[in-house]
Amino acid sequence: MFNGGPGGRRGAPEKVKNFSKAIRRMLAEIKPFYALIALAIVMSILGSILSVIAPDKLAEITDEISAGLVLNREKISSVANELITDPTSSSEIDGITVSPEDKTVFLIKMQEIQSELDGVTEFSREDAKKIYKKVDELPESIRGLIEPKMNFEAIRNAATFMVFLYLSSAILEFLEGFVMARVTAGFARNLRNQISHKINRLPLKYFDRNQIGDTLSRVTNDVDSVSSSLDNSFGAIIGEGSLMLGSLVMMFITNWIMALVAVLTSLFGFIFVALILKHSQKYFTMRQVELGNINAHIEEVYSGIAVVKAYDGKEVSDKKFDKLNKKIRFANQRGQFMSGMMHPIMAFTGNLGYVAVCVTGALLTMNGVISFGIIVAFMTYVRLFSSPLSRIAQAVGGLQPAAAASERVFEFIDEEEMPNEHDITNRVDKESIRGDIVFDHVRFGYDDGKTIIKDFSADVKAGQKIAIVGPTGAGKTTMVNLLMKFYDIKDGDIRIDGISTKNMVRSDVHSLFTMVLQDTWMFSGTVRENIAYNHSNVSDSQIMKICDTVGLSHFIKTLPKGLKTDITDSESVSAGQKQLITIARGMVEDAPFLILDEATSNVDTRTEELVQRAMDKLMEGRTSFIIAHRLSTIKNADLILVMNEGNIIETGNHEQLMKKGGFYADLYNSQFAL
Amino acid sequence: MFKLFKNFKKKDWFFILLAILFIAGQVGLELKMPEYMSTITQLVQTEGSEMGDILQNGAMMLLCAFGSLLSTIIAGWFVSNVGADFTYIVRKKIFDKVEKLGINEIKKFSTASLITRTTNDVTQVRMAITMGANMLIRAPITAVWAITKIANKSWQWSTATGVAVVIMLITIVTIMTVVIPRFKIIQKLTDKLNGVTRENLTGIRVVRAFNAEKYQEHKFDAANTEVADTTRFVDRVLSVMSPMMYLVMNGITLAIYFIGAFVISESIMSDKLIVFSDMVVFSNYATHVILSFLFLAMFFMIVPRAQVSAERINEVLDEEITVTDGDFDDETAEVGTVEFRNVSFKYPDAEEYLLKDISFRAEKGQTVAFIGSTGSGKSTLINLVPRFYDVTDGAVFVDGVNVKDYKQKALHQKLGYVPQKAVIFSGTVASNIGYGDNGKEKPSEKKIQTAAKVAQAKNFVEKLDKQYNSHIAQSGTNISGGQKQRLAIARAIARNPEIYIFDDSFSALDYKTDAALRKALKEYTKDATSLIVAQRIGTIMHADQILVLDKGRCVGRGTHKELLKNCEIYKEIALSQLTKEELNV
């Protein structure tokens, strides 16, 4: 009955059911971090503004440098005029002394230039080169006069300012990351804690219907993927978004024609990337699904290898493996190919933008609309604008699985809890309970439509022993569920010392029972912590006394650190010893009622005797419900409940039931049959 | 890792060669572009340039860009094929190898580890190959090519680029040395967190019964806080990375322009323009150089992880197969006999024997049972029959032939083996019962139904919605433990073997089903020999021969009655389960 949960969701990614709802919910859950996120956003925007201003400054530097590249004709003619006025004596211009010999050379060169360019109305590049060659042959003094000069002061200032810009934008970006690390780690921690608390408020029904692996993967994988997407996707969308917006604004401020060209070419690339993303998603999903399938097959074959060998199942399993392996090969190749195409396409878009900007820029420069520095600035703007686009596209793509993961997390957090017990005010003290228990026409079923315990009544006196017997899967756990109030009964009543369990809070009911189940549940921690589970005020001597009683003390003395030995580390704890530890745990709990599963599996005969003696000790003086496997227990039980297919079909003691010759007698005799 | 590359086929090597060519071509085109850029820059700068020249150069540049795009895509196609082929071939090889390994070797590796090796480790190496192919091929080509293009332009610029590369490498190495060990810590902490959750979930009834909810929550919170603190620290260290990289990239451009201003102002007039366009080109190439070093650094970050995976894969592929095939597959003189002659067994590296000097003979139609405490070696003993292990000394004979001489298929065709823990495959009820290959034709529908009936599985199967065609989930999670066990037994019956081997297969059944099943089985398989390992006296008390094992030695042999009289250990076991009256002593 407990196996009926939905199958594991091995590898297959789930589609998000309601994307916007999931995102809204996620935003609502981040509320405690709103201030920090706002801080991060502000820093991110500031950082973007700084990195957007930078190209503008680089343009300034380029313009200054460019100013030092070309000869200024007016300057030359003014210098020439001054030199010609007195060619024989030396003269001083702008603090530079020009000798008469230098003047002569200058005049000759000027004439050469003039003659060469005779009749040329427009300079070609070749002409310019010729002039520059001649200029280089001029005497130093004159070159100093006519050659263009850069404004180093301005360059230095601009460069210093840029260093400041780059540094502060880097620091801002780092701080943003610093703050976001706190947000994501804290958010993940909150989610996990919420899940952890939720686990203990859910009715057992939930866990009987859902697989443990499923809940586990919500705690780790799903929370991880939600929080990392918060970092990567949200962070990227904020940061890159403000960068994109900033560069867009700067571009349009600088020159709207070039801005338009840059935006259009980038969009062109973006559309391609979006198309590829959409298309490749198919292969990624396919790869996940196929990976899940092949993993399942591998797991199945490896863990059942003995059967595969003994039944010569290799061919069958190979055939299936090959089929799955081929599928995964296809998905791998396509997925890899598709995702590998994104970057080159974005790079191409960048280049396209570059050329477009250069050509438009050249056109505009030649018409004197803009300066060369603006082209340089736009080269950077194109990059600033187009690279966030692709990252945003990826981030949005990454948001999809994150939303699916968050849906699963919140689905768990929103799961219906056990009814609250605020209206039950009277509390029960376990010291004052005698141990009588009455079942009064109890009706119960796991599903509303199907009642499995139809009408069960019994009157048990304190100290009596009740054996529960039946074939495997007969529903013996159901009795545990009802006694412990893990499930609520549908009709009738269970009364302890005359008080209805309906009027007791669950934790009080639990405190009345000591429960030792077949599953020897050990948890990480020391032997002591495992025995004194959840009891902080138990002394070592008390524990050792109990260990003496159940026959554990010898074992504990052999452990390297005695009671303080870590159970997780020592694999030397055998199944039988684990069972003894659970019994000791039950003794520490010391409650008036006992629920005991007698099954001793995988225990060698000698330990089994030890365990049985310990169990007998545990039963002393308690009203005991025993899931019985031993004939001795069954035979001297005060009441035997015979269960089959979930229902209690016979009740009575051994003699009565044998006399009746029904199911129990059959069961009992079958032990000796061939 | 390079050892694994031997698995590439000729086609893959050809593809790799093509990928290198296309990547080299792409790098060439990519690096050609700055030249056009520089020409365009010069053209824009110089007075009197023709618009036509600019357009022509722009077109050439775009042509290069497009060519580079095409080359990358084509190279990507080849690389993705090589990666996918690698996974395909290597995964197949591992799977095949594991199927051939002895149970002993599989235990040595552990099933879980073998699964990871076949799945995750292969994926890890594939990722390293596909990413590595791009980085390892592209980065050095780019770096060398770009460096030769800019090497002699200006020592000042080269120095600046060198400094930038060094700063970047130091940053990466520092961050990684801080972060990588912590990644491992986070993994451990996550395991711990999982552990705490798992124990809360598996022990949910105990937690509730002991009102220990708060106790568990505190424990969880402690582990959770530790995870959160460590991830936060790692995230913070990592968030230095991106700003630092931007800083270096922006810084190098600025430095080159700044230095450029001085270099230009000092050069002669006819050189200025050339130096200027050199500057623009250089800053472009410098970015390429830095990026390729960045990629190389990243590649060397991936390699160690992939290397670990590759080694784990090689361990499996290099493991020696100890259980080898014989060549006997003829008719045998005897039928249905099993004989152990002075059999001893120990694990290859172990000192102590698990079984010592065991001899017995089972005749056709007989039932031989084995009983003893855990670790007495009873399971090991019957696992020697299907050759899951090979004996250390002595010999095992089936139908008078040494099991080592059989072709394994021929040996297995005689056996019907049912393990302690039922192995159920995903599929249908029928596919589980009719599983495997016994050298004859597939069992008929009727045969499957009979097998189910004998195994006491008929009732529950026929209650399922599609009966024998009902779906069985992986590991049989949609049916109960007892039901799984009955299907596993039905599987052995459907095989029609001469010899049944039941390795403690009845413990998961209740007494009643156990008894009914054995009764039906006895009637159905009158001629078959059965070897039974059991824990319950009731299961074996009617066997023709019972061997009592203790610490690997046979301490008693005979029928139930004989052993009660003269075997102390047997009597002890019997009395712990049944009362004196019930045993009729």
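Residues numbered from 1 in each chain as written. Chains lettered and ligands numbered in written order. Predicted model: local features only at pLDDT ≥ 70, side-chain atom pairs only at ≥ 80, totals over all residues.

## What to know about the overall build of chain B
Reasoning step 1: Of the regular secondary structure elements, chain B holds 20 helices and twelve strands.
Reasoning step 2: By the compact-globule yardstick of 25 Å for 585 residues, chain B is too spread out, its C-alpha radius of gyration being 36 Å.
Reasoning step 3: Here the C-alpha coordinates of chain B stretch approximately 120 × 65 × 55 Å along the principal axes.
Reasoning step 4: The buried share among the 585 residues of chain B stands at 49%.
Reasoning step 5: Considering only intrachain contacts with a sequence separation of at least 6, the fraction spanning at least 24 residues in chain B is 79%. (Helix = DSSP H or I, 4+ residues; strand = E, 2+ residues; numbered from the N terminus. Rg over C-alpha atoms; globule rule 2.2 N^0.38 Å. Buried ≥ 20, exposed ≤ 12 C-beta atoms within 10 Å, placed from the backbone. Contact = placed C-beta atoms within 7 Å.)

## With respect to the overall build of chain A
Reasoning step 1: Each helix and strand counted, chain A has 23 helices and twelve strands in total.
Reasoning step 2: Here chain A has a C-alpha radius of gyration of 43 Å; the compact-globule value for 674 residues is 26 Å, and the former is much larger.
Reasoning step 3: Each principal axis of the C-alpha distribution contributes one length, and for chain A these read about 145 × 60 × 50 Å.
Reasoning step 4: Put simply, of all contacts in chain A between residues at least 6 apart along the chain, 80% involve residues at least 24 apart.

## Here we look at the packing of helix H5 (residues 155-202) of chain B against helix H9 (residues 269-318) of chain B
All names here are of chain B.
Reasoning step 1: With their axes 10 Å apart at the nearest point, H5 and H9 run at an angle of 25 degrees to one another. When the axes of H5 and H9 are compared, the pair comes out roughly parallel. Between H5 and H9 the crossing geometry is right-handed. For the pair H5 and H9, contact is made by Trp157, Thr161, Ala164, Val165, Met168, Leu169, Ile172 and Met176 and by Phe282, Ala286, Val289, Ile290, Phe293, Leu294, Ala297 and Met301, respectively.
Reasoning step 2: Classifying every residue of the contact of H5 with H9 gives 15 nonpolar, one polar and no charged. (Axes fitted to C-alpha atoms, helices over the stretch in contact; angles between N-to-C directions. Parallel < 35°, antiparallel > 145°, perpendicular 65-115°, else oblique. Left-handed = near helix turned anticlockwise from the far one by under 90°. Nonpolar A, V, L, I, M, F, W, Y, C, P; charged D, E, K, R; others polar.)

## Some details on unusual backbone geometry
Residue and element names in this part refer to chain A.
Reasoning step 1: One non-glycine residue with positive phi stands out, namely Lys485, at about 60 degrees.
Reasoning step 2: Within the secondary structure, Lys485 is located in the loop between helix H14 (476-483) and strand E6 (491-496).
Reasoning step 3: In this structure Lys485 comes out as buried when scored by C-beta crowding, with 23 C-beta atoms within 10 Å.

## So, helix H17 (residues 540-550) of chain A
Residues and elements named next belong to chain A.
Reasoning step 1: Within the sequence span of H17, burial applies to Ile543, Ile546, Cys547 and Val550. Looking down the long axis of H17, one finds its buried residues gathered within 105 degrees of arc, a one-sided arrangement. Facing away from the buried side of H17, by more than 90 degrees, are the exposed residues Ser541 and Lys545.
Reasoning step 2: Once H17 finishes, Gly551 follows within two positions and takes phi at roughly 85 degrees, a positive value. (Arc of directions from axis to C-beta.)

## Structural notes on the environment of Leu531 of chain B
Residues and elements named next belong to chain B.
Reasoning step 1: Looking at the secondary structure, you find Leu531 in strand E10 (residues 529-533).
Reasoning step 2: For Leu531, a count of 24 C-beta atoms within 10 Å translates into the label buried.
Reasoning step 3: Taking the C-alpha atoms as reference, Leu531 lies 17 Å from Ala494; in sequence the two are 37 residues apart.
Reasoning step 4: In contact with Leu531, other than residues within four places in its own chain, are Val338, Ala362, Val368, Ile382, Val385, Ile499, Tyr500, Ile501 and Phe502.

## Side note on helix H19 (residues 575-589) of chain A
Residues and elements named next belong to chain A.
Reasoning step 1: Given a rise of 1.5 Å per residue, 15 residues ought to cover 21 Å, and the 21 Å separating the end C-alpha atoms of H19 matches this to within 8%.
Reasoning step 2: Across the 15 residues of H19, twelve count as buried, placing the element largely inside the fold.
Reasoning step 3: Of the residues flanking the end of H19, it is Asp590, one or two places downstream, whose phi is positive at about 45 degrees. (Expected span 1.5 Å × (residues − 1).)

## Considering the nonpolar core
Reasoning step 1: Judged by nonpolar contacts, the single largest core of 217 residues is most densely connected at Val357 and Phe378 of chain A together with Leu531 of chain B.
Reasoning step 2: If one sorts the elements of this core by residue count, H9 of chain B sits on top with 17 residues.
Reasoning step 3: Those residues in contact with Phe378 of chain A that sit more than four places away from it in its chain are Met251, Met258, Ala262, Val357 and Gly361 of chain A.
Reasoning step 4: Among the nonpolar cores identified, the runner-up in size contains 115 residues, and Leu172, Ala185, Val460 and Leu657 of chain A belong to it. (Core = buried A, V, L, I, M, F, W, Y, C linked by C-beta atoms within 7 Å.)

## Topic: the confidence of the model for chain A
All names here are of chain A.
Reasoning step 1: Per-residue confidence for chain A gives a mean pLDDT of 78; residues scoring 70 or more make up 90%.
Reasoning step 2: Ranking the elements of chain A by mean pLDDT puts helix H5 (residues 125-136) last with 69 and helix H7 (residues 152-199) first with 88.
Reasoning step 3: Confidence drops under a pLDDT of 50 for residues 1-13, and excluding neighbours within four residues, the segment shows 32 contacts in the predicted structure. (pLDDT = per-residue confidence, 0-100.)

## As for the domain arrangement of chain A
Reasoning step 1: What the domain assignment lists for chain A is domain 1 (19-65 + 154-413), domain 2 (72-147) and domain 3 (463-485 + 506-669).
Reasoning step 2: Placing a centre on the C-alpha atoms of domain 1 of chain A and another on those of domain 2 of chain A gives a separation of 60 Å. (Domains from an automatic or database assignment.)

## Points about the sheet that holds E10 of chain B
All names here are of chain B.
Reasoning step 1: The strand order E6-E9-E10-E3-E11-E12 describes an open sheet built from six strands, whose pairing is mixed. The open sheet has two edge strands, strand E6 (415-418) and strand E12 (553-558), and neither has a second partner. Taking the axes of each pair of neighbouring strands and ignoring which way they run, one obtains an average angle of 15 degrees across the sheet.
Reasoning step 2: Where strand E3 (residues 367-371) meets E10, four bridges bridge the pair, whose relative direction is parallel. Paired with Thr367 across the strands is Ser530, a residue of E10. (Pairing = 2+ DSSP bridges.)

## What to know about the confidence of the model for chain B
Residue and element names in this part refer to chain B.
Reasoning step 1: Per-residue pLDDT for chain B averages 80, and the proportion of residues at 70 or more is 94%.
Reasoning step 2: Between the elements of chain B, mean pLDDT differs from a low of 59, seen in helix H20 (residues 580-583), to a high of 88, seen in helix H7 (residues 213-238).
Reasoning step 3: For this predicted complex, the interface score ipTM comes out at 0.79, while the overall pTM is 0.71.

## A few points about the sheet that holds strand E12 (residues 647-652) of chain A
Residues and elements named next belong to chain A.
Reasoning step 1: One open sheet holds the six strands; their spatial order is E8-E9-E10-E5-E11-E12, and the pairing between them is mixed. A strand with exactly one partner marks an edge of an open sheet, and here the two such strands are strand E8 (513-516) and E12. Adjacent strand axes in the sheet meet at a mean angle of 15 degrees, parallel and antiparallel pairs treated alike.
Reasoning step 2: Alignment of strand E5 (residues 465-469) against strand E10 (residues 623-627), held across four bridges, turns out to be parallel.

## Comments concerning the pairing of strand E9 (residues 499-503) of chain B
Residues and elements named next belong to chain B.
Reasoning step 1: Most of E9 sits out of view: five of its five residues are buried.
Reasoning step 2: With burial as the criterion, each face of E9 is covered, one bearing Ile499, Ile501 and Asp503 and the other bearing Tyr500 and Phe502.
Reasoning step 3: Sheet analysis places E6 next to E9, joined by four bridges and oriented parallel. Across the sheet, residue Leu415 finds its bridge partner in E9, namely Ile499.
Reasoning step 4: Judged from the five bridges that link them, E9 and E10 form a sheet pairing that is parallel. Bridge pairing in E10 links Tyr500 to Ser530.

## Some points on the pairing of strand E11 (residues 545-550) of chain B
As a general feature of sheets, a regular strand has side chains that alternate between the two faces.
Residue and element names in this part refer to chain B.
Reasoning step 1: Counting buried positions along E11 gives five out of six residues, so the element sits mostly inside the fold.
Reasoning step 2: Strand direction decides the pairing type here: E3 and E11, joined by four bridges, are parallel. Within the sheet, the bridge partner assigned to Ala369 lies in E11 and is Ile546.
Reasoning step 3: Where E11 lies against E12, five bridges are found, and the strand directions are antiparallel. Paired with Leu549 across the two strands is Cys554, which belongs to E12.
Reasoning step 4: A loop of two residues connects E11 with E12, the two strands running antiparallel in sequence, and Lys551 in this loop sits at a positive phi of about 50 degrees.

## Quick word on the domain arrangement of chain B
Residues and elements named next belong to chain B.
Reasoning step 1: Looking at the assigned domains, one finds that chain B contains domain 1 (2-318), domain 2 (326-337 + 345-414 + 498-585) and domain 3 (422-496).
Reasoning step 2: Each partner contributes to the interface: domain 2 provides twelve residues, whereas domain 3 provides eleven residues.
Reasoning step 3: Here the element with the most residues in the side of domain 2 that touches domain 3 is helix H16 (residues 511-524); it accounts for six residues.
Reasoning step 4: Taken together, the residues that form the side of domain 2 that touches domain 3 break down as eight nonpolar, three polar and one charged.

## Remarks on the interface of chain A and chain B
Reasoning step 1: Across the contact, 125 residues belong to chain A and 134 residues belong to chain B.
Reasoning step 2: Top element by residues in the side of chain A that touches chain B is helix H12 (residues 314-366) of chain A. It accounts for 23 residues.
Reasoning step 3: For the side of chain A that touches chain B, the residue count by class is 64 nonpolar, 39 polar and 22 charged.

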